[in-house]
Amino acid sequence: MDTSLVSSESVELLSSITGEQLHQRDLTPTMLFIAALVTVLLGLIYADGTVEAEEKQWLQETLEQFVPSDTNVRRLTHLMFRGVIKNQVYAKTHQLLTLTASLSKPERLLLLGFCYQMSVAHSTIDYREQRYLEAIAKRLGIERRHLAVLECQFNKQATFEAAALAEVHDLLNPSQFHLLDDMFVLAASDILAALPAK
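Residues numbered from 1 in each chain as written. Predicted model: local features only at pLDDT ≥ 70, side-chain atom pairs only at ≥ 80, totals over all residues. Heavy atoms only, no water.

Participant: I'd like to hear about helix H8 (residues 144–151), residue by residue, with values.
Facilitator: Burial analysis of H8 places six of its eight residues in the buried class, the great majority of the element. Among all positions of H8, only His-146, Leu-147, Ala-148, Val-149, Leu-150 and Glu-151 are buried. (Buried < 20%, exposed > 50% of the residue type's maximum accessible area, 1.4 Å probe, protein only. Helix = DSSP H or I, 4+ residues; strand = E, 2+ residues; numbered from the N terminus.)

Here is the structure:
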């Protein structure tokens, strides 16, 4: 993550989403990643027009797992959750790009990895969800061949290149996430464990 890319626009957007007056110092790498994660996961949930119980449960459990309950980050995450839904941030390309501007390529791929894990939570992926994931990946600069590797988590017939698999393994190497909290390092390990070995 390149925190020098955290613009005043990012601060203003997150202040608007949370309803709090935030400052540059409030936007830690973990907070920025969580904001992007909440946005893309809510976008995936709403992509097919129906919010399934499994999706809501998975999202709630994920946020509880990654956001310590006794911190200001948890409170801000709940505010983000409501603000992203209210303002439909997940459907606004410019706002999504503002939230993800400082994320590295591995962090962006990790976001998509979470999306595919949520899709696996209810066993199938709707066509509209797939289209949403492809659109988000394109906006985030994730190569289609890397998405094909992530798709193999729920589609055992998915085909992908061996080189792309090796690249995804390198991008999701837990050492790539040293600026984020340890829980995200573990999440990268979990996603890697669900993929075929290189």
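There's plenty left to go through after this.
Participant: With reference to specific residues and values, describe the side chain of Thr-18.
Facilitator: The topology assignment puts Thr-18 in helix H1 (residues 8–18). On the accessibility criterion, Thr-18 (7% relative accessible area) is buried. A polar contact is formed between the side chain of Thr-18 and the backbone oxygen of Ser-15, at a distance of 3.4 Å. Of the polar contacts made by the side chain of Thr-18, one reaches the backbone nitrogen of Glu-20; its length is 3.2 Å. Thr-18 has contacts with Leu-76, Leu-79 and Met-80, leaving out every residue within four places of it along the chain. (Polar contact = N/O pair within 3.5 Å; in protein donor to acceptor, adjacent residues only side chain to side chain. Contact = heavy atoms within 4.5 Å.)

Participant: Break down the pattern of salt bridges for me, with residues and values.
Facilitator: Tallied over the full model, the rule gives eight salt bridges. Taking the shortest distance from any N to any O, the salt bridge between Glu-143 and Lys-105 comes out at 3.4 Å. Placement of the pair is Glu-143 in the loop between helix H7 (127–140) and H8 and Lys-105 in helix H6 (residues 105–121), with a sequence separation of 38 residues. A relative accessible area of 35% places Lys-105 in the partly exposed class. (Salt bridge = Lys/Arg side-chain N within 4 Å of Asp/Glu carboxyl O.)

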